[in-house]
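So the chains spell out like this:
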Amino acid sequence: MNWPVLKALWLPLRSQQQEWLDADDIPARDLHENLDDLRWLNRYLGSHWLVLRAFQRLWHGAGCPRHLRVLDVGTGAGDIPELLTRWGRRRGVRLAIVAVDNHRGVIQYVRSVQPPLSRLTLVQADGVCLPFQARTFDVVVCSTMLHHLDWHQGIALLQSMATVARYGVVVNDLVRSRLHYYAARLVLSMVARNHVTRYDGPLSVLRAYSVEEVRGIARLAGL
């Protein structure tokens, strides 16, 4: 069996179906429980580790500054700002973090779960058209948001992120494959609390891009 046939069997066509999380009228309880699930999944299935690995690479490349201005685009469950804040405390690095999301319900959720005395600034805005001047932030992070966007929106997102970043951007997301799809169905059927998570999780994999496709988006975005 040749490579194109193997690739077609391994890589399903990208789904255009909307996730329930992206609906404007998603019930507040479903939204909150889904975001609770995502906080747990991001922590224990490797997303946090991947973000930190890339973030530290940029930090070292910048000369290990003791103060960083960070933007988290599409903050979702709001766990990435908490992760980076803990990282900064361990290393004596002071982080000023702004978290952006275009969903009002998400902003309200993140505000409700923030630790006491949190210095996180929340802004409701669209990641593909960020309301900040060029090089406002040192590092711009976007975790598990890219698969929510179509090809042109993905290019606009990376361009917008690159414009406001000084040292670089970190983009972490799912990778589309049949293996990941069935793994998501199996794992989420056992650990997910909310039915939205069980529905959206496998669909998120089908909406995700391949690594090759993301490289193509990045090239077109000038990265």
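Residues numbered from 1 in each chain as written. Predicted model: local features only at pLDDT ≥ 70, side-chain atom pairs only at ≥ 80, totals over all residues. Heavy atoms only, no water.

On the surface, Trp40, Tyr44, Leu186, Met190 and Val191 cluster together into a nonpolar patch covering about 550 Å² of accessible area. In terms of residues, the nonpolar patch owes the most to one element, helix α7 (residues 178-191), which gives three residues. With respect to the secondary-structure elements, tryptophan 40 resides in helix α2 (residues 28-44). (Patch = residues over 30% accessible without salt bridge, like charges linked within 9 Å, V, L, I, M, F, W, Y side chains within 5 Å. Areas by Shrake-Rupley, 256 points an atom, 1.4 Å probe, with all protein chains shown as cover. Salt bridge = Lys/Arg side-chain N within 4 Å of Asp/Glu carboxyl O. Helix = DSSP H or I, 4+ residues; strand = E, 2+ residues; numbered from the N terminus.)

It is worth spelling out the nonpolar core at this point. Counting residues in each nonpolar core, the largest one holds 28 residues, and the members touching the most others are Phe55, Leu68, Val70, Leu84, Trp87, Leu95 and Val141. If you list the elements that add at least two residues to this core, you get α2, α3 (47-61), β1 (67-73), α4 (79-91), β2 (94-101), α5 (104-113) and β4 (137-143). Per-element tally for this core: the top contributor is α3, with five residues. The contact partners of phenylalanine 55, leaving out residues within four places of it in the chain, are Leu68, Val70, Leu84, Trp87, Leu95, Val139, Val141 and Val170. Core analysis: the second largest hydrophobic core is formed by 22 residues, Met145, Leu149, Leu158 and Ala165 among them. (Core = buried A, V, L, I, M, F, W, Y, C linked by side-chain atoms within 4.5 Å. Buried < 20%, exposed > 50% of the residue type's maximum accessible area, 1.4 Å probe, protein only. Contact = heavy atoms within 4.5 Å.)

Moving on, we come to the environment of valine 214. Along the chain, valine 214 turns up in helix α9 (residues 211-220). Exposure remark for valine 214: the relative accessible area of 27% places this residue in the partly exposed category. Valine 214 sits 140 residues away from glycine 74 along the chain, and the two C-alpha atoms are 17 Å apart. Discounting residues that sit within four places of it in the chain, valine 214 has contacts with Leu146 and Tyr209.

A separate point is the sheet that holds β4. With parallel pairing, the five strands of this open sheet are ordered in space as β3-β2-β1-β4-β5. In this open sheet, the two strands that pair with only one neighbour each are β3 (121-124) and β5 (165-172). Within this sheet the neighbouring strands show an average axis-to-axis angle of 20 degrees, counted without direction. Both β2 and β3 contribute to a ladder of four bridges, which runs parallel. Bridge pairing links alanine 99 to leucine 122 in β3. The sheet strands contacting α3 are β1, β2, β4 and β5, and the helix crosses β5 at an angle near 160 degrees. The sheet strands contacting α5 are β2 and β3, and the helix crosses β3 at an angle near 170 degrees. (Pairing = 2+ DSSP bridges. Axes fitted to C-alpha atoms, helices over the stretch in contact; angles between N-to-C directions.)

This part is about the pattern of salt bridges. With the rule as written, the count across this model stands at eight salt bridges. Across the pair glutamate 33 and arginine 29 runs a salt bridge whose closest N-O atoms are separated by 3.2 Å. Residue glutamate 33 and its partner arginine 29 are both found in helix α2; the two are separated by four residues, about one turn of the helix. For arginine 29, a relative accessible area of 64% puts it in the exposed group. For the salt bridge of arginine 39 with glutamate 82, the shortest nitrogen-to-oxygen distance reads 2.9 Å. On the criterion of sequence distance, the pair formed by arginine 39 in helix α2 and glutamate 82 in helix α4 is long-range, its members being 43 residues apart. Among the charged side chains, a network of salt bridges with common partners joins Arg29, Glu33, Asp36 and Arg193.

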